[in-house]
Amino acid sequence: MRIRRALLFMPGDDRRKIEKGAALGVDSIIMDLEDGVAFNNKPAARATIFAALREVSFGRSEKLIRINPASSEFYEDDINATVHAHPDGYVVPKVEHGRQVQEISSWLLTAEHKHDWEEGSIALLAIIETAMGVVNLREIASSDPRLTALIFGAEDLASSIGAIRTPDGWEVFYARSKVVMHAKAFGMQALDTPFVSLAEADNDHLIAETEQALYMGYDGKLAIHPKQVDVIQRVFTPTSEQIAQAKRLVEAHEQRQRGGTGVFALDGRMVDMPMVRAAEKVLARARAAGIAV
Ligand code: COA
Ligand code: MG
């Protein structure tokens, strides 16, 4: 699965931001057709994205498009107007039922056949951000093999359930936890909600919220401004100390295994299989980030 530490959003009708985002070296960029675009500008935004996919060099960044919800009048046109430029995937907001994912997936299959593209080469990422989406997580997570990630959306969820957002986010913690649990149960990535403050004074809060997502098992976090990208990608990239420690732990474990011992102490802490698996995950994250380990 490709690495998605930071996913930078920009309005799909803003060519300048698309070009700026494409030059940043961010893992994924998401050109938006939903809430970042005014109703009367959806057609222009579709055309802007189509042209950008043809003309802009995105480097190693994944090219994603957020369409309008499957319950809206816009999403079919969103796909029809952009799919023939072969984006890497679509982000589907406000997903509430597995059949919504299946329907979009079957359209993508038709486009893939038409162009002789590899089946499944256009990915789907679902945003869980309504009460119904959270309640139906199991059905959604198991709906279609094209689904590669679940994204947690805190702001829409709060409005869906009548919660009031607070700095600690306990009002959405159940859903944030449930999304990561379902993503991992069904072999997908989990991607965390964007941090919406752009104030310098809130930078430490952005770091803390991103670290908490990492600690919970999230693989990445959405971003809404270029200045958030490095902060987020850094948090999701293991440090050289963490890599060295993980290697030491795995090597010590292999040595003990050969000697017939399963559990042992290293630096005053017990080590057995769960810690070894966690260390292997750190090394896998490092490799995915392009670090030789
Ligand atoms: N992607 C790419 N470039 C961006 C960007 C983004 N998300 N946000 C800002 N930039 C660029 C601006 O174009 C500007 O570059 P320029 O001066 O060369 O034109 C530079 O970064 C600094 O931007 P700044 O002045 O700090 O922000 P702004 O006032 O222009 O825009 C927002 C603020 C919030 C409107 C903008 O960050 C944005 O559009 N974010 C994404 C919103 C979105 O897509 N929401 C839907 C999903 S939640
Ligand atoms: Mg939303």
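Attention here is on the structure that accompanies the text. Please read these numbers as outputs of a predicted model, since none were measured by experiment.

Procedures and definitions
Residues numbered from 1 in each chain as written. Chains lettered and ligands numbered in written order. Predicted model: local features only at pLDDT ≥ 70, side-chain atom pairs only at ≥ 80, totals over all residues. Heavy atoms only, no water. Donors = N, O, S within 2.8 Å, 3.2 Å for Na, K, Ca; no water. Helix = DSSP H or I, 4+ residues; strand = E, 2+ residues; numbered from the N terminus. Buried < 20%, exposed > 50% of the residue type's maximum accessible area, 1.4 Å probe, protein only. Near = heavy atom within 4 Å. Polar contact = N/O pair within 3.5 Å; in protein donor to acceptor, adjacent residues only side chain to side chain. Areas by Shrake-Rupley, 256 points an atom, 1.4 Å probe, with all protein chains shown as cover. 1 Å grid on protein atoms, 1.4 Å probe; cavity = no way out; pocket = protein on both sides within 12 Å on 5 of 7 lines; lining within 4 Å. Sits in = over half its atoms within 2 Å of the grid points. Nonpolar A, V, L, I, M, F, W, Y, C, P; charged D, E, K, R; others polar. Axes fitted to C-alpha atoms, helices over the stretch in contact; angles between N-to-C directions. Parallel < 35°, antiparallel > 145°, perpendicular 65-115°, else oblique. Left-handed = near helix turned anticlockwise from the far one by under 90°. Contact = heavy atoms within 4.5 Å. Pairing = 2+ DSSP bridges. Right-handed = clockwise from strand over helix to strand, strands pointing away.

## Some words on the coordination of the magnesium ion (ligand 2)
Only Glu129 (OE) and Asp156 (OD) from the protein coordinate the magnesium ion (ligand 2), and they sit 2.0 to 2.2 Å from it. Separated by 27 residues along the polypeptide, Glu129 in the loop between strand S5 (123–128) and helix H5 (131–135) and Asp156 in helix H7 (residues 154–161) bring together distant segments of the chain. Glu129 gets classed as buried once you look at its relative accessible area, which sits at 4%.

## Points about the site of ligand 1
The local shell around ligand 1 holds 14 residues, among which Phe9, Arg16, Lys20, Ile224 and His225 are the closest. Within the contact set of ligand 1, an oxygen atom lies 2.5 Å away from a side-chain nitrogen or oxygen of Arg16. With respect to ligand 1, the side chain of Lys17 contributes an N or O atom lying 3.2 Å from an oxygen atom. Protein contacts shield 61% of the accessible area of ligand 1, which totals 890 Å² for the unbound molecule. Among the cavities detected, the one that contains ligand 1 is the second largest pocket. Secondary structure elements with two or more residues in the shell around ligand 1: strand S1 (6–11) and helix H1 (15–22). Its residues assigned to classes, the shell around ligand 1 comprises seven nonpolar, two polar and five charged.

## Focus on the packing of helix H8 (residues 173–185) against helix H9 (residues 203–216)
Viewed as axis vectors pointing N to C, H8 and H9 meet at an angle of 45 degrees, and their least axial separation amounts to 10 Å. Viewed along their axes, H8 and H9 adopt a mutual orientation that is oblique. Both H8 and H9 take part in a crossing whose hand is right-handed. Between H8 and H9, the contacting residues are Phe173, Arg176, Ser177 and Val180 on the first element and Glu209, Gln212, Ala213 and Met216 on the second.

## Observations regarding the pairing of S5
Consecutive side chains of a regular strand alternate in pointing toward one face of the sheet and then the other. In terms of burial, S5 is largely enclosed, as six of its six residues are buried. Neither face of S5 is open: one carries Ala123, Leu125 and Ile127, the other Leu124, Ala126 and Ile128, and all of them are buried. Pairing geometry for strand S4 (residues 89–92) and S5, over four bridges, is parallel. Directly across from Val91, in S5, lies its bridge partner Leu125. Taken together, S4, helix H4 (residues 98–115) and S5 constitute a β-α-β crossover, and its handedness is right-handed.

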